[in-house]
Amino acid sequence: MGSFPNVLLILALGLLQAVEGSMIQLNGNSYDGIVIAINPNVPEDEKLIQKTKEMVTEASTFLFSATSKRVYFRNVSILIPMTWTSKPEYLTPKLESYEKADVIVADSYLKYGNDPYTLQYGQCGEKGRYIHLTPNFLLDDNLHIYGPRGKVFVHEWAHLRWGVFDEYNFDQPFYRTRKNTVEATRCSKDITGVNRVLKCNNKSCAIKLCKTNRQTGMYETKCQFIPEKSQKAKASIMFMQSLDSVAEFCTAKTHNADAPNLQNKMCNRRSTWEVIMDSEDFRNISLMAGMGSPPPPTFSLLKAKEHVVCLVLDKSGSMSMNNRLSNLVEAAELYLLQIVEMGSWVGMVTFDSDAEIQNNLTQIVPGNATQEIIERLPKVANGGTSICGGIKTGFQVITQSNRSISGSEIVLLTDGEDNEISTCLDEVKQSGAVIHTVALGPDASRELEKLSLMTGGYRVTPKGSMTDLIDAFSRITSRSGDLSQKAIQLESKSVMLNSKEWINGTVTVDSTVGNDTFFVITWTESVPKIYLQDPKGKEYQNADFSVNKLNSKAARLRIPDPAETGNWIYKLQNENGLQTLTLTVTTRAKSPAVLPVIATVHVNQSTGHFPSPMTVYAQVSQGFLPVLGAKVTAIIETEHGSQETLELWDNGAGADTVKNDGIYSRYFTSYHENGRYSLKVLVQARNSTARLSMRSPQSRAMYVPGYVDHGKIILNPPRPEVKGKEMEVKIEDFSRVTTGDSFTMTGVPSGQLPDKFPPGKITDLTVKFQADHILLSWTAPGDDFDKGRADHYKIRMSENFVHLRDHFDKATPVNTSGLKPKEANSKETFKFKPETLKIVNGTKVYIAIQAVDDANLTSELSNIAQAVKFIPPHPVPSTEAPCPNRDSTSYSINVVATIIWAVVGAAATINIF
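Rules used in this analysis
- Residue positions are given per chain, counted from 1 along the sequence in the order it is written.
- Reporting of local features is limited, given that this is a predicted model, to residues whose pLDDT is at least 70; pairs of side-chain atoms are given and counted only at 80 or more, and all residues count toward the totals for whole chains, interfaces and linings.
- Excluding hydrogens and water, the side-chain values take into account all heavy atoms of the structure.
- Two strands pair if DSSP finds at least two bridges between them.
- Numbering goes from the N terminus for both helices and strands, where a helix is a DSSP run of H or I of at least four residues and a strand is a run of E of at least two.
- A fitted line through C-alpha atoms serves as each axis, taken over the contacting stretch for helices, and the angle formed by two N-to-C directions is quoted from 0 to 180°.
- Pairs of residues are marked as contacts when any of their non-hydrogen atoms sit within 4.5 Å.
- Categorising residues by exposure relies on relative accessible area from a 1.4 Å probe, with only protein chains included: less than 20% of the type maximum marks a residue as buried, more than 50% marks it as exposed, and the intermediate range marks it as partly exposed.
- Centre distance within 6.5 Å is the pairing criterion for rings of Phe, Tyr and Trp, where only the six-membered ring of Trp is used; planes under 30 degrees apart are then read as stacked, over 60 as edge-to-face, and the remainder as tilted.
- Two conditions define a charge located above a ring, namely a distance within 6 Å from the ring centre to NZ of Lys or CZ of Arg, and an angle within 35 degrees of the ring normal.

Caption draft 1: A look at the sheet that holds strand β24 (residues 529-533). Read from one edge to the other, the open sheet built from four strands follows the order β22-β28-β24-β25, with strand pairing classed as antiparallel. With one partner strand each, in any of the chains shown, β22 (502-509) and β25 (539-541) form the two edges of the open sheet. With strand direction ignored, the average angle separating the axes of adjacent strands in the sheet is 15°. Pairing of β24 with β25 involves three bridges; the strand directions are antiparallel. Residue pairing for β25: Q533 is matched across the bridge by E539.

Below you can see the structure in the form of C-alpha cells.
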C-alpha cells in the first residue's frame, strides 16, 4: 500500500475541521459575538493581531455603507493559540473555541496561495461554515491583487452570513449573448476591460490576443478578462471587490442575469442584494439614516490556559438496566485512556439523588495518574437523578483546583428524567462553561439539549450499548484545533452472533495515523476467541489482550507506536450462546508534521419539524484539501432502535451544492417517531479510489490577474497554478468512523406517514443547442427529495428568464411523454426539437424543470439554464483572428508582447499599442 504523497503532507499543521456552530448575533444594527481564531501552529506574531483588527475595523465601515447604513460589526473576539506567550491583556475564553470560530487564520496548501475563501455548502440564502484567511494575506501587501482587506472581508462575510455566491466563474469566464457577442462573466456588465491570454512563469509573461474557436465562436480556454483600473460601476462586491469604484452589491437593476455564475445558478438568477434583503438579518431591520459612520468595533483577546474537563456521571438506579453502568465504565475508561488529549486536566463527579466528588482535577500524563480516576468510576447504581446537583458539583471540582469555570468543559451523562434542570439554566449560562450532554436511552431528560445548545457543547444520544457509548465519548474531543492530539476512530462494529459463528474483517491503518492505537473488544456473555494479524503478519490472540478489571466483558490491546501501516485482519468467534460482540479501533496522528484525514458530520438544524427534511453533511478532508471518491455512509437511529442508512453523495445535485468539494450530502426524510435521533458516519476509501483535490475552493475572493491603467496593462504576480495532472492526486486507502451531534424531530404523526415529501430540486440542469435540437442533462431527483424515483417531469422554456422563473406554468411546455424518470442520482439526458421557436443565429432560450411524484407533489423550480444558438459565419474565419473586445477603448493591438519580471513577485507593466 502506498503512502500519501509527502508533498501533500508537509502542510500547515492542525488545520480546521468543519465548524459546528456560531455565536454571532445581530442586536439591533450591530453584529456581536464574532470569533476569529488563530490556528495553534501559526508562529507567534503580534502584527497578525493588529492587522486583523485593522481589517475588521475597515470592513465594518465598508459594510455599513454597502448595506445602506443597516449593519456593522460591534464586538469581535480574537482567539489566541495556547502555544503563544500569555499576556495580561489576554482574557479567558468562555464558549469561544477554534472549532466553532467564524473566521480562522491558518496556513493553507502552498499551491492555493493566499486566496481568502468561505467554506459554503448550503443552498442559496443558507449560512456558510467559516471564512479562511492565511497569515500571509493579513501581513503582506495584497491590495493590488484582492483590494483592501476590509472590502475582501465583506465579500467573504456575504458568503458566510447571507448565503450568496460569487458572480465570476473561472470555469466559464465568458458567455455568448443574444447579440452574438461574447461577454465576460461578471456583475455588473458596466465593468469594462480587455480580454487577453496571459502565459506566465516565474520570470516572464507573454500577453496575447484571444483567439476564437471556429465551431463555437467562444474565446480560447486561456483567455482572461482584465479590468480597467478606473471604473464608474459601483457593483459588485461579489464580482471584483478590488476595484476602487466598487462599493455595492448587484441589485435587481444592475444584476447580470445572463452570466453563467454560481449566484445565478444557485439563486435562480436573483441578484445578491435581493437574496441579502430576504435574509433573516434584514427582514425587520431599520436604517440608521442619522449616523454618518458606525463606531469602531470592540476587540477582546482571548487565550485558554489549559484544557479542563470534568466528567459528571449518572449512577442512579436506572443505570443498572441493560448493563448501562458496566458499559459506561468501559466507555469512560476508553475516554480517559484514548480520547482526551495528553496534558488535559480531568476531574470526576458521580450523582444520583446527591452528587459526590470522586476526583479533583488530575493532569492526564503518561503514567498512573489516569488510573486513579479509572479506579473511582461508579460500580453500583441506585437512587434518584439530580442533574443540576451533578453540574454544580462539577463546577466545585474546577474551582477547588483554582481553575476558572469559564472555558472549562463538563461531560454530563445521564439516563434519567429530572424536572428541575430549569433551576440551574441561568447559573450554567453565566458560568461560561461548555456542557457536553450524553442522553442515554429514551428516558433521558428532554431538557438536556438546552444545556448543550446554550453553551455550544456536543450532544449525543447513544442507546446504551457498548459501541454506542464508545462512539459517544469519541465525539467529545478537544476544540483547540490541534489535530495532532485528536483521537480518530478507524472502526466501530457491533454484531450479534450465534454459537460458533465468526465475525471477520479488516481495519486499515493509513500512513497518517498510528500513534496510541487501541483495539477494544467487548462481549455480552462470554469472552470470544480473538485473532488479530498486522500487515507484516504478526499475530495477536486472547493472551495479548488485557481484560478490564472493572468490566470483565471488555478486552483491550494497545499497539506499540507507530502501528504498522496497512490492513489489519481480525477474526472473532463466539464460542458459546447467542451474544453481541463489538470491535472499536482508535488512533491518533502518526506525526505532528503529517495531517491525518479527518471526517466530520452534522445536520443543518438541531431541531426539525415534520415534514421538513433534515440535511446531512459529512466533510472529508486532509487539512484544507478535500478528499474525493470515498464511500460515505450515514447511519441515523431513533432512541427506540429504528435505523436508516443513507449513502451520502458529492455529486453537486439535490442537497449537495458543489460537485467534488469533499462535502458529501443527502436529505433525510425517513422519520419514524418524535424525539432524538443519533447520527454516525462511516467513511471508507478502498481500491485506490480516493484522491485529494487541488482545485481552488469555491466562494473565494477573486485573484485579479492585472489591470488596464491609462492604456497600459499592469500585471500582478501570476497566481500559483496547479497543472491539470496535479488537480487530483490519488491517496492510499483509509477508513474513518465519526459521530455527529444528535438532533430532535417534532410533529411526526403516528402510524403510516403521509407522503408529504416532493421530489428534490434539480440544481445542475445544463442545456445546449445541437443543430435544430436542444439537449438537456441533469441529475435525477427522487420521489422523496433524493430518494426513490419521480413519476414524471415538467419541462418549460421561454425567451425571457423572468417570465420563466415567476410564471413557470404559463411558459411554453416541452413534450416529455417519452421521458421516464430514472432512479435518484442517475444521469438524465433529453433531446427535443423546439417546434414553436424560430432558431436563428443568436437565438437564446431559457429552460427549467420540475419533477412530480406519484402523489402529485411537485419539486421546486430547477436552476434556470440557458442555451444560445451559434451559427459559424460562412466562410469560417481563421482561428488566428483576434477576438473582438467589448470595451469602448480603441486600441490597435496587433503584436504579441512578452514582459520580463524585473523583480520576482513585483507587478509588471506593458504599453498597449
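Caption draft 2: A look at the sheet that holds strand β2 (residues 30-32). Sheet architecture is open: three strands sit in the order β1-β2-β4, paired in mixed fashion. Both outer strands of the open sheet, β1 (25-27) and β4 (72-73), are each paired with one neighbouring strand and no more. For β1 and β2, the ladder comprises three bridges, and the chain directions are antiparallel. Its bridge partner lying in β2, Q25 is registered against D32. Sheet strands in contact with helix α5 (residues 149-162) are β1, β2 and β4, and its direction is about 75° off that of β2.

Caption draft 3: Region of the structure containing the environment of D140. Inspection of the secondary structure assignment puts D140 in the loop between α3 (135-139) and α4 (143-146). C-alpha separation for the pair D140 and M321, spaced 181 residues apart in sequence, amounts to 61 Å.

Caption draft 4: Geometry of the environment of L328. Tracing the chain through its elements places L328 in helix α9 (residues 324-339). Classification of L328 by relative accessible area gives buried; the value is 0%. Along the sequence, L328 and I470 sit 142 residues apart, while their C-alpha atoms lie 8.5 Å from each other. Leaving out residues up to four positions away in the same chain, L328 has contacts with L313, D314, M319, P378, L413, L469 and F473.

Caption draft 5: View of the packing of aromatic side chains. Overall, the coordinates contain 32 aromatic pairs when judged by the stated rule. A ring pair is formed by F174 and Y219, whose centres lie 4.8 Å apart and whose planes are at 65°; its orientation type is edge-to-face. Here F174 is found in strand β9 (residues 174-176), whereas its partner Y219 is found in the loop between β12 (204-209) and β13 (223-227), with 45 residues between them in sequence. The same class applies to F174 as to Y219, namely buried. Each ring, one from Y671 and one from Y677, has its centre 6.5 Å from the other, and the planes form 80°; the classification is edge-to-face. A relative accessible area of 3% means that Y671 is categorised as buried. By the ring-pair criterion, three or more aromatic residues cluster together here, those being F610, Y667, F668, Y671, Y677, F743, F757 and F785. Sitting over the ring of W345, R403 keeps its end group 4.4 Å from the ring centre. The side chain of R796 reaches across the aromatic face of F808, ending 5.8 Å from its centre.

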